[in-house]
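Architecture at a glance
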Amino acid sequence: MRQVKQATDDDLARFYDGLRLDEWQGYALKKGRLVQAFGLILRGKDGHLYGALDIPAGLRSPMTYRYAKRTLAGLSEPVRVKCDEGIPRAKEFLERLGFVPDDHKEYMIWRP
C-alpha cells in the first residue's frame, strides 16, 4: 500500500541517487521502503525558497495537489519553481496551486 509521509534524509538520498541537502522539507510517496515520488522545498544559496515535485505520470492524483497545498500553506515566504513544459498539465497544476510567472519569466512564484 502506498503512503505519503514526511520525507527523511534517507528518502531524499534514495530518490535522488545520494543527494544530500542542508535545509529542506518534503513528502515522499512510499510503497514499503521504495520511494516512488517526491516533493520538496529547499532554501537556495541566494536565500530564496525553491520547490520541486517529481511524480511519475502513473502516480499523479488529487492526493498530489492536497499535499502540495498543505506544504505551501505552512510557509510564510515565497517559493520559486521552474515549470517543465514537457510534462502535460504541469503549468495548469502550478497555477491551480497559486503559482504565477515571476518578473523574469524564468520561474513561477507562489506568495503566501
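Looking at the packing of aromatic side chains
Per the counting criterion, the structure on display carries four aromatic pairs. Centre to centre, the rings of Phe15 and Tyr16 are 4.9 Å apart; their planes meet at 85°, and the pair counts as edge-to-face. On the basis of an interplanar angle of 55° and a centroid distance of 5.5 Å, the ring pair of Tyr50 and Tyr107 is categorised as tilted. Of the two residues, Tyr50 sits in strand S4 (residues 49-54) while Tyr107 sits in the loop between strand S6 (100-101) and strand S7 (108-110), which places them 57 residues apart along the sequence. Grouping residues by exposure puts Tyr50 and Tyr107 together as buried. The aromatic ring of Tyr65 is capped on one face by Arg96, whose charged end is 3.9 Å from the ring centroid.

Digging into the sheet that holds strand S5 (residues 79-81)
Taking strand neighbours across the sheet as the criterion, the seven strands line up as S1-S2-S3-S4-S5-S7-S6 in an open arrangement whose pairing is mixed. Across the chains shown, the open sheet's two edge strands, defined by having one partner strand only, are strand S1 (2-6) and S6. Taken together, the two bridges between S6 and S7 define a ladder with antiparallel strand orientation. Bridge pairing in S7 links Pro101 to Met108. Packing of helix H2 (residues 62-73) onto the sheet brings it into contact with S1, strand S2 (24-31), strand S3 (34-43), S4, S5 and S7, and relative to S2 it is tilted by some 160°. Across the face of the sheet, helix H3 (residues 90-97) comes into contact with S4, S5 and S7 while running at roughly 25° to S7.

Thoughts on the nonpolar core
If you look at the biggest cluster of nonpolar residues, it comprises 15 residues, and the most contacted ones within it are Leu72, Leu75, Val79 and Phe99. Where this core is concerned, the elements lending two or more residues are H2, S5, H3 and S7. Among residues more than four places away in sequence, those in contact with Val79 are Ile41, Leu49, Tyr50, Gly51, Leu72, Phe99, Met108, Ile109 and Trp110. Ala7, Leu12, Trp24 and Phe38 belong to the second largest nonpolar core, which has seven residues in total.

Things to note about unusual backbone geometry
Note: most peptide bonds trans; most residues except glycine with negative phi. With phi around 55°, Asp17 is a residue other than glycine that occupies positive phi space. Tracing the sequence through the fold places Asp17 in the loop between helix H1 (9-15) and S2. One non-glycine residue, Arg89, adopts positive backbone phi at about 70°. Here Arg89 lies in the loop between S5 and H3. Look at Arg89 and you get exposed, because its relative accessible area is 61%.

So, H2
Here H2 contains twelve residues, and its C-alpha end-to-end distance of 17 Å stays within 8% of the 16 Å for a straight helix at 1.5 Å per residue. Among the residues of H2, Thr64, Tyr65, Ala68, Thr71 and Leu72 are the ones counted as buried. All buried residues of H2 fall inside an arc of 130° around its axis, so they share one side. For H2, exposure combined with an orientation more than 90 degrees from the buried face picks out Pro62, Arg66 and Ala73.

Rules of the game
- Residues numbered from 1 in each chain as written.
- Predicted model: local features only at pLDDT ≥ 70, side-chain atom pairs only at ≥ 80, totals over all residues.
- Heavy atoms only, no water.
- Phe/Tyr/Trp six-rings, centres within 6.5 Å; stacked < 30°, edge-to-face > 60°.
- Helix = DSSP H or I, 4+ residues; strand = E, 2+ residues; numbered from the N terminus.
- Buried < 20%, exposed > 50% of the residue type's maximum accessible area, 1.4 Å probe, protein only.
- Lys NZ or Arg CZ within 6 Å of the ring centre and 35° of its normal.
- Pairing = 2+ DSSP bridges.
- Contact = heavy atoms within 4.5 Å.
- Axes fitted to C-alpha atoms, helices over the stretch in contact; angles between N-to-C directions.
- Core = buried A, V, L, I, M, F, W, Y, C linked by side-chain atoms within 4.5 Å.
- Expected span 1.5 Å × (residues − 1).
- Arc of directions from axis to C-beta.

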